Amino acid sequence: MAQRKRQLVSDELSEAALQLLALKGFDAVTIDEIAATAGVSKRTFFRYFASKEDVVVQFLADMGTGMRVALASRPIEEQPSVALRHTVWVSMAACADHSDRALRVVQLILRTPALRARFLERQDQWRDDLAAELAQRLGLDPDTELYPQLAAGMALTAFDTVLQRWSGSDGAEDPAELTDRAFAVIAPALDAVE
């Protein structure tokens, strides 16, 4: 019950922040305004989030965990390009399923330097997680082999490119088709694992 309440408060804060930020822009919104809009104190805000940036990036934070889980669940005999395309698509599909809200958040992140920097920090962690999963799947030593980090980096570059194209088109471009196109470009390199 406590966990559920915590999730509800976190969701309220995120929703309040996203509405305000979409309306006024990142720099114009204060933490006090976010807390007031969500009906909580500033102190409560800081129990859930370290900063204004974290409120927004939290929306996409679970994607990294989701990617690693998605990759781990793929058939072991599957080519790396197929497994990684599916992994990226799981996150893109999550965006597409909440397209209006996700589109606002993605646009906010990509257009706000402080948020973009925080998002790229998160992606560094995702790359390490995906690389560790790839190394394990392929029986490679992540400390000596270059492939796991490079492959994870290529997959996340594809993810980032698809996010940018999708958000740049105001959601008009199909994220599934963009993902397929991106992976068609990088598949030969991904499947060249020794």
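Above this text sits the structure in question.
Fair warning: this is a prediction, and the values are worked out from it, not measured in the lab.

*Asks:* Which residues make up the overall build of the protein, and what are the values?
*Replies:* In terms of helices and strands, the protein carries 9 helices and 0 strands. Shown N-terminal to C-terminal, the secondary structure of the protein runs as helices and strands in the order α-α-α-α-α-α-α-α-α. By the compact-globule yardstick of 16 Å for 194 residues, the protein fits well, its C-alpha radius of gyration being 18 Å. Principal axes of the C-alpha set define a box for the protein whose edges measure 55 × 35 × 30 Å. Expressed as a percentage of the 194 residues in the protein, the buried residues total 44%. Taking as baseline every contact in the protein between residues at least 6 positions apart, the subset at least 24 positions apart corresponds to 70%. Accessible surface computed for the protein: about 10,000 Å², of which carbon and sulfur atoms make up 51%.

*Asks:* Report on the nonpolar core, specifying residues and quantitative values.
*Replies:* In terms of nonpolar packing, the biggest core is built from 54 residues, with Phe 45, Val 56, Leu 84, Phe 159, Leu 163, Trp 166 and Phe 183 touching the most fellow members. Looking at this core, the elements with two or more residues in it are helix H1 (2–24), helix H2 (31–38), helix H4 (52–72), helix H5 (80–97), helix H6 (99–111), helix H7 (113–138), helix H8 (147–168) and helix H9 (175–190). Of all the elements, H8 adds the most residues to this core, at 10 residues. Apart from residues no more than four positions distant in its own chain, Val 56 is found in contact with Leu 18, Leu 21, Val 105, Leu 108, Ile 109 and Leu 115.

*Asks:* If you had to explain the pattern of salt bridges to someone new, which residues and values would you point to?
*Replies:* Counting across every chain of the model gives 12 salt bridges. Of the charged contacts, one joins Arg 104 and Glu 15 as a salt bridge, the two residues approaching to 3.7 Å between their closest N and O atoms. With a gap of 89 residues between them, Arg 104 in helix H6 and Glu 15 in helix H1 connect regions that are remote in the sequence. Exposure remark for Glu 15: the relative accessible area of 24% places this residue in the partly exposed category. The partner of Glu 78 in a salt bridge is Arg 74, and the shortest N-O contact between them spans 2.7 Å. On the basis of relative accessibility, which here comes to 17%, the residue Glu 78 falls in the buried class. For Arg 74, a relative accessible area of 21% translates into the label partly exposed. Connected via shared salt-bridge partners are Arg 68, Asp 129 and Glu 133.

*Asks:* Requested: an account of the packing of H7 against H8, with residues and values cited.
*Replies:* The contact between H7 and H8 brings their axes to 8 Å, and the two run at 135°. One way to sum up the angle between H7 and H8 is to call them oblique. The handedness of the crossing between H7 and H8 comes out as right-handed. Judged by residue contacts, Arg 116, Phe 119, Gln 123, Trp 126, Arg 127, Asp 128, Leu 130, Ala 131, Leu 134, Ala 135 and Leu 138 of H7 engage Tyr 147, Pro 148, Gln 149, Ala 151, Ala 152, Gly 153, Leu 156, Phe 159, Asp 160, Leu 163 and Gln 164 from H8. Taken together, the residues that form the contact of H7 with H8 break down as 14 nonpolar, 4 polar and 4 charged.

*Asks:* Requested: an account of a positive patch on the surface, with residues and values cited.
*Replies:* Taken together, the side chains of Lys 5, Arg 6, Arg 43 and Arg 47 present a region of like positive charge at the surface. Of all the secondary structure elements, the ones that give two or more residues to the positive patch are H1 and helix H3 (42–48).

Rules used throughout
Residues numbered from 1 in each chain as written. Predicted model: local features only at pLDDT ≥ 70, side-chain atom pairs only at ≥ 80, totals over all residues. Heavy atoms only, no water. Helix = DSSP H or I, 4+ residues; strand = E, 2+ residues; numbered from the N terminus. Rg over C-alpha atoms; globule rule 2.2 N^0.38 Å. Buried < 20%, exposed > 50% of the residue type's maximum accessible area, 1.4 Å probe, protein only. Contact = heavy atoms within 4.5 Å. Areas by Shrake-Rupley, 256 points an atom, 1.4 Å probe, with all protein chains shown as cover. Core = buried A, V, L, I, M, F, W, Y, C linked by side-chain atoms within 4.5 Å. Salt bridge = Lys/Arg side-chain N within 4 Å of Asp/Glu carboxyl O. Axes fitted to C-alpha atoms, helices over the stretch in contact; angles between N-to-C directions. Parallel < 35°, antiparallel > 145°, perpendicular 65-115°, else oblique. Left-handed = near helix turned anticlockwise from the far one by under 90°. Nonpolar A, V, L, I, M, F, W, Y, C, P; charged D, E, K, R; others polar. Patch = residues over 30% accessible without salt bridge, like charges linked within 9 Å, V, L, I, M, F, W, Y side chains within 5 Å. Lys, Arg positive; Asp, Glu negative; His and termini not counted. Charge placed at Lys NZ, Arg CZ, Asp CG, Glu CD.

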